[in-house]
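# Coordinate inspection notes
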Amino acid sequence: MPYRFTVNSRPVHVDAEADKPLLWVLREDLGLPGTKFGCGAGLCGACTVLIDGQAMRACQTPVRDAAGHAVITIEGVAALPAGRKLRDAWEAIDVPQCGYCQAGQIMSAAGLLAVSPQPDDGTIDGAMSGNICRCASYLRIRRAIRMAAGLPDVTGDAA
Amino acid sequence: MSAALPPLDRRGFLVAGCTAGAVLTFDAAMALAETPAAETTINAFIRIDAANRFTIGAKNPEIGQGMRTTLPMLIAEELDIGWDQLTIEPTLADDRIFGRQYAGGSTATPTNWLPMRQVGAAARQMILAAAAAEWGVSPDSLTTAKGVVRHGASGRQAPYAAFSRRVATIAAPDPGKVPLKQPAQFTIIGKPVTGVDTPAIARGKPLFGIDTELPGMLHAAVIKCPTHGGILAGHDATGALRQPGVAAVVPICSGQGPAGKPDALAVVARSWWTANKARALVVPKWDNAAQRGHSTAGYASAAAARLAGAPESDLYRSGDVAAALAGAAHVVEADYAYPFLAHGTLEPQNCTALWQDGKLEVWAPTQNPGEGRASTAAMLGIPPEALIIHMTRIGGGFGRRLMNDYMVMAGQVAKAMPGRPVKLLFDRTDDLRHDYYRPAGWHKFKAGLSASGELVALSDHFVTFGAGGRPVRAAEMGKYEFPAAVVPNCHYGVSMLPTNLSTGWLRAPMSNALAFVFQSFLDEVAEAAGQDLPTLMRRLLGEPRELPAEPGRPVLHTGRARGVIDAVCELAGWTGRPGSPGSGRGRGFGFYFSHRGYFAEVVDVTMTDPTTVRVDKVWAVGDIGSQVINPLHARHQVQGAVIEGIGQALAGQKVEQVDGEVRLENFHEFPLIRIDGAPREIAVSFVQSDYPPTGLGEPSLPPVIPALANAVHAATGRRLRNLPLSLTA
């Protein structure tokens, strides 16, 4: 089936089975491997993208549901002001360890800052609890989100 | 991961790190993947271009432990260039050129600390020789900094690149004889350096095994026998092969079953999604009756029966434990247990392979490419040299990818599809069900205390898994497990149960479980003696000295152990036995020595309700020798390991078996710790000691688990002796 939507503000046209998840359409049909496969069940957040500005799990979104919508992936998130700030913060404090989950983390954080530009600690943990970091870079994920939001720096390192 | 290291002398470093004679060479075949025409290869690890930019080869797999950054730091330091002057590339996997390429056992730092520096220092010496010849001066009259050679007397200076043509005519020095910098001269080592791939990660660039993309590539999904050890008895692939895009269904061996008997099917298709869906249309028949009797419940009752009797064999025996227990003023007894664990790397197991003209080219997220080469070559019946292995970045290792089942399987599928690259990918269920699990274990402890509170007797009956008197992989305990050597009457005995499950190394293997049982039980002993655990540990450790160790195994130095214990108590403001049952707040302590690293940790918890633990803060102090190479990544490693350990204790992780099968489906059944379970603060500090630098991937994990269990005891009065910790039972 043919489907049309936008990815990172560019119109795309794909011919795919209706139930093929957006995750695999991005990775296999559109050559955008930044969105990661972790669980295929909406449990780890590695595949998080923005659909019409909202953080969604691409593994749980059949391509037919993406049709007609605006999809932003890690490859394009820096075009959003918050996305750029998140990327800068992620790099500045070197959030990743293995790095596999980090695209999903940044996309969930972008979804968070879109609705809550200055989130408190509980809001950050709540919004990010759908994203697993197996290396447990969580202290830096919290810190980078605070930095991107312009909140006072809290490292989590203090003795 | 438990492989013994060579002795830590200069010769050992050389042999371990770089194949003799191959350290410095101009053979382009030995260079980084390929040397562009405009660049000069100085040795197998270093290229320089006309603009005086350097390409440094990173030889070890990168699993998030930072070695793709750390090892090039060592080369760049001694080459004496600026960190902003270089680009880092992974080398090919070829231990004939690069020495052992391995991400396990926290071995990369101790085995590469000198060899990688020597690689850089030898290249610098060659550049100096070339400059000296060019300028007609003595090499001793030259200095370097940031990739520039200077002649002080004349004020002359030139970038390294100016000598690259002449360098090619300079004989490579003996790397063991090149002078190295003194620590005071370091400009890169010891400075915080961010990860070399971080910008690419933050931009979603393809880096990982799963991102491998090749022209004409096919995709494979796997159907594996649901019981480890079972085999394929037959299959009907008609339905799957009728699906558009499905190319083949190929019987393969995972290596987990008996040799030569396929135990899996690979469904090969134009896309992974198509292959994945077509799996449901394949009808496999398994021969696995022999494995059906294995179950978690069966293991538990068999273990209980063994613990009720005498151990099958002795591991360690000193003095007369029975007499000492009979004469003890207090006897403390407790049974501990821990479950099988999966690794749950976030990037599922995968490998891409291309079979062409009797050779196999592989793109693999493997921690252990050398073993992958050997076992894949053996499975395919080709010489090991017929494999080319590209090391991709790895989306989490934790020991899972020390095994190479995915490479062995991808190789077989590729061989069945000659000329077409094939990417084989597990889904999450495959990954959880076909892991090499951390083995479960059971311990029955007895300790005897004298009237003055000395630990005079200790016995442990350890029930583990094994056959024929040999433990399965990662199920062993060392005979000198602390505190054997410092207790006058001590007996460790072992009994073994059979299992069909494949087992393997999980970050800090053995230690991640033994730290929990020993440091928790010693906390009970300390309590019975009216002490706290740091006090008991100091008394047990005694004067600074080396304790006995098995040949080739790391030696515990009591002074170094004491150093981190004292430092963490100081850092956390430890003031004796903390917390009071019923207060809802508690503090616990744990120490462990593993992988040559010493760590002592303190955990503060609050009970948010009677059965829910919140970890508030953790203090971790380590001794990993004279130099922390990259303090930024060192802190990240420790913080990550601490949170992982908290997850093993509190997230509810366990792998269970019914009728021989692991039936886990996804992360809802094997929960990993999430951000809301992470403490808000983890303080990390290092004690510098006069020993060679050692690794950090593992040793900070084990002590947090008993420290947490001991903190829960302090807060609630309840002693939790089983992992995962549960207050609802």
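On a predicted model such as this, the values are computed, not experimentally measured, just so you know.

### Here's the deal with the overall build of chain A
- Scanning chain A from N- to C-terminus turns up six helices and five strands.
- Ordered by position in the sequence, the α and β elements of chain A form the string β-β-α-β-β-α-β-α-α-α-α.
- Computed over its C-alpha atoms, the radius of gyration of chain A comes to 15 Å, within 12% of the 15 Å expected for a compact globule of 159 residues.
- Projected onto its principal axes, the C-alpha positions of chain A cover 55 × 30 × 25 Å.
- For chain A, contacts bridging at least 24 residues in sequence account for 58% of all contacts bridging at least 6.

### Here's the deal with the overall build of chain B
- Tallying secondary structure elements over chain B gives 18 helices and 29 strands in all.
- With the principal axes as the frame, chain B shows a C-alpha extent of 80 × 75 × 45 Å.
- Per-residue burial for chain B yields a buried fraction of 58% across its 729 residues.
- Looking at chain B alone, contacts between residues at least 24 apart form 78% of all its contacts between residues at least 6 apart.

### A few points about the nonpolar core
- If you look at the biggest cluster of nonpolar residues, it comprises 290 residues, and the most contacted ones within it are Ala220, Ala266, Val267, Val413, Leu424 and Leu708 of chain B.
- Ranked by the residues each element gives to this core, the list is headed by helix α4 (residues 108-135) of chain B, at 14 residues.

### What to know about the environment of Ala300 of chain B
Residue and element names in this part refer to chain B.
- Take Ala300: it is sitting in helix α9 (residues 296-308).
- Overall, the presence of 14 C-beta atoms within 10 Å leaves Ala300 in the partly exposed class.
- Taking C-alpha positions, Ala300 is 33 Å from Asp616, a pair spaced 316 residues apart along the chain.

### Side note on the domain arrangement of chain A
Residue and element names in this part refer to chain A.
- Looking at chain A, the domain boundaries give domain 1 (2-72) and domain 2 (78-148).
- Summarising the inter-unit geometry, the C-alpha centres of domain 1 and domain 2 are found 20 Å apart.
- Taken residue by residue, the interface counts 16 residues in domain 1 and 14 residues in domain 2.
- Listing elements by their share of the side of domain 1 that touches domain 2, those giving two or more residues are β3 (48-51) and β4 (54-57).
- Element by element, the count of residues in the side of domain 1 that touches domain 2 is highest for β3, at three residues.

### Side note on the sheet that holds strand β12 (residues 264-269) of chain B
Residues and elements named next belong to chain B.
- Taken together, eight strands build an open sheet; the order of strands is β5-β18-β17-β16-β19-β9-β12-β11 and the sheet is mixed. With partners counted over all chains shown, the strands left at the sheet margins are β5 (92-93) and β11 (246-252), one partner each.
- Inspection of the sheet shows β11 paired to β12 by six bridges, in the antiparallel sense. Of the residues in β12, the one forming a bridge with Ala248 is Val268.
- Here helix α11 (residues 369-380) sits on the sheet and contacts β5, β17 (359-364) and β18 (387-391); the angle it forms with β18, its principal contact strand, is near 145°.
- Along the sheet, helix α12 (residues 405-416) makes contact with β9 (218-224), β11, β12, β16 (350-356), β17 and β19 (422-425), crossing β16 at roughly 35°.

### Some remarks on the sheet that holds strand β2 (residues 10-15) of chain A
Residue and element names in this part refer to chain A.
- With respect to topology, five strands assemble into an open sheet ordered β2-β1-β5-β3-β4, the strand pairing being mixed. Strands with a single pairing partner mark the edges of an open sheet, and in this sheet they are β2 and β4. Shown here is a sheet whose adjacent strand axes are inclined to one another by a mean of 40°, direction ignored.
- Sheet topology note: the strand β1 (residues 2-7)/β2 ladder contains six bridges and is antiparallel. Residue Arg4 lies in a different strand from β2, and its bridge partner there is His13.
- Here helix α4 (residues 102-115) sits on the sheet in contact with β3 and β4, set at roughly 35° to β3.

### Overview of the interface of chain A and chain B
- Residue-level contacts link 44 residues of chain A with 52 residues of chain B.
- When contributions to the side of chain A that touches chain B are tallied by element, the ones reaching two or more residues are α1 (22-29), α3 (81-92), α4, α5 (121-128) and α6 (138-148) of chain A.
- Taken together, the residues that form the side of chain A that touches chain B break down as 25 nonpolar, ten polar and nine charged.

### Considerations on α4 of chain B
Residue and element names in this part refer to chain B.
- The end-to-end C-alpha separation of α4 is 39 Å, in line with the 40 Å expected for 28 residues at 1.5 Å each.
- Within α4, the axis deviates most sharply at Leu114, by approximately 30°, and proline Pro115 lies no more than four positions further along.
- For α4, the tally of buried residues reaches 24 of 28 residues, placing the bulk of the element in the interior.
- Gly136, located one to two residues past α4, shows a positive phi value of around 65°.

### Notes on α1 of chain A
- With seven of eight residues buried, α1 of chain A is to be regarded as a mostly interior element.
- Along α1 of chain A, the positions that sit buried rather than exposed are Leu22, Leu23, Trp24, Val25, Leu26, Arg27 and Glu28 of chain A.
- For α1 of chain A, the secondary structure elements touched by its buried residues are β2, α2 (63-66) and β5 (70-72) of chain A together with α8 (272-278) of chain B.
- Immediately beyond the C-terminal end of α1 of chain A, within one or two residues, lies Gly31 of chain A, with a positive phi of roughly 65°.

### Some thoughts on the packing of α11 of chain B against α12 of chain B
All names here are of chain B.
- Contact geometry of α11 with α12 gives a least axis separation of 9 Å together with a crossing angle of 40°. By the criterion of interaxial angle, the relationship of α11 to α12 is oblique. In this structure, α11 meets α12 at a crossing whose hand is right-handed. Residue-level contacts link Gly372, Ser375, Thr376, Met379 and Leu380 of α11 to Met407, Val408, Gly411, Gln412 and Lys415 of α12.
- Tallied by class, the residues present in the contact of α11 with α12 amount to four nonpolar, five polar and one charged.

### Overview of the environment of Gly66 of chain B
Residues and elements named next belong to chain B.
- Along the chain, Gly66 falls in the loop between β3 (54-58) and α2 (67-79).
- It is 20 Å that separates the C-alpha atoms of Gly66 and Ile210, two residues lying 144 residues apart in sequence.
- Leave out the neighbours within four places in its chain, and Gly66 touches Gly195, Asn630 and His633.

### Considerations on the domain arrangement of chain B
All names here are of chain B.
- What the domain assignment reports for chain B is domain 1 (10-189), domain 2 (209-289 + 349-425) and domain 3 (296-340 + 437-716).
- Each side of the interface is counted separately: domain 2 has ten residues, and domain 3 has ten residues.
- Residues that form the side of domain 2 that touches domain 3 fall into these classes: four nonpolar, six polar and no charged.

### A few points about the environment of Gly660 of chain B
Residues and elements named next belong to chain B.
- Relative to the assigned elements, Gly660 resides in the loop between β27 (657-658) and β28 (661-662).
- Since 23 C-beta atoms lie within 10 Å of it, Gly660 is described here as buried.
- Separated by 340 residues in sequence, Gly660 and Asp320 have C-alpha atoms that sit 41 Å apart.
- Discounting chain neighbours no more than four positions away, the residues touching Gly660 are Thr227, Asn288, Gln291, Arg292, Gly293, His294 and Asn500.

### Some details on the pairing of β12 of chain B
Residues and elements named next belong to chain B.
- Among the six residues in β12, six count as buried, and that is most of the element.
- Covered by surrounding structure in β12 are Ala264, Ala266 and Val268 together with Leu265, Val267 and Ala269, the residues of both alternating faces.
- Across six bridges, β9 lies against β12 in antiparallel orientation. Directly across from Ile223, in β12, lies its bridge partner Leu265.

The rules behind the values
- Residues numbered from 1 in each chain as written.
- Chains lettered and ligands numbered in written order.
- Predicted model: local features only at pLDDT ≥ 70, side-chain atom pairs only at ≥ 80, totals over all residues.
- Helix = DSSP H or I, 4+ residues; strand = E, 2+ residues; numbered from the N terminus.
- Rg over C-alpha atoms; globule rule 2.2 N^0.38 Å.
- Contact = placed C-beta atoms within 7 Å.
- Buried ≥ 20, exposed ≤ 12 C-beta atoms within 10 Å, placed from the backbone.
- Core = buried A, V, L, I, M, F, W, Y, C linked by C-beta atoms within 7 Å.
- Domains from an automatic or database assignment.
- Pairing = 2+ DSSP bridges.
- Axes fitted to C-alpha atoms, helices over the stretch in contact; angles between N-to-C directions.
- Nonpolar A, V, L, I, M, F, W, Y, C, P; charged D, E, K, R; others polar.
- Expected span 1.5 Å × (residues − 1).
- Bend = angle between axes of the 7 residues up to and from the residue.
- Parallel < 35°, antiparallel > 145°, perpendicular 65-115°, else oblique.
- Left-handed = near helix turned anticlockwise from the far one by under 90°.

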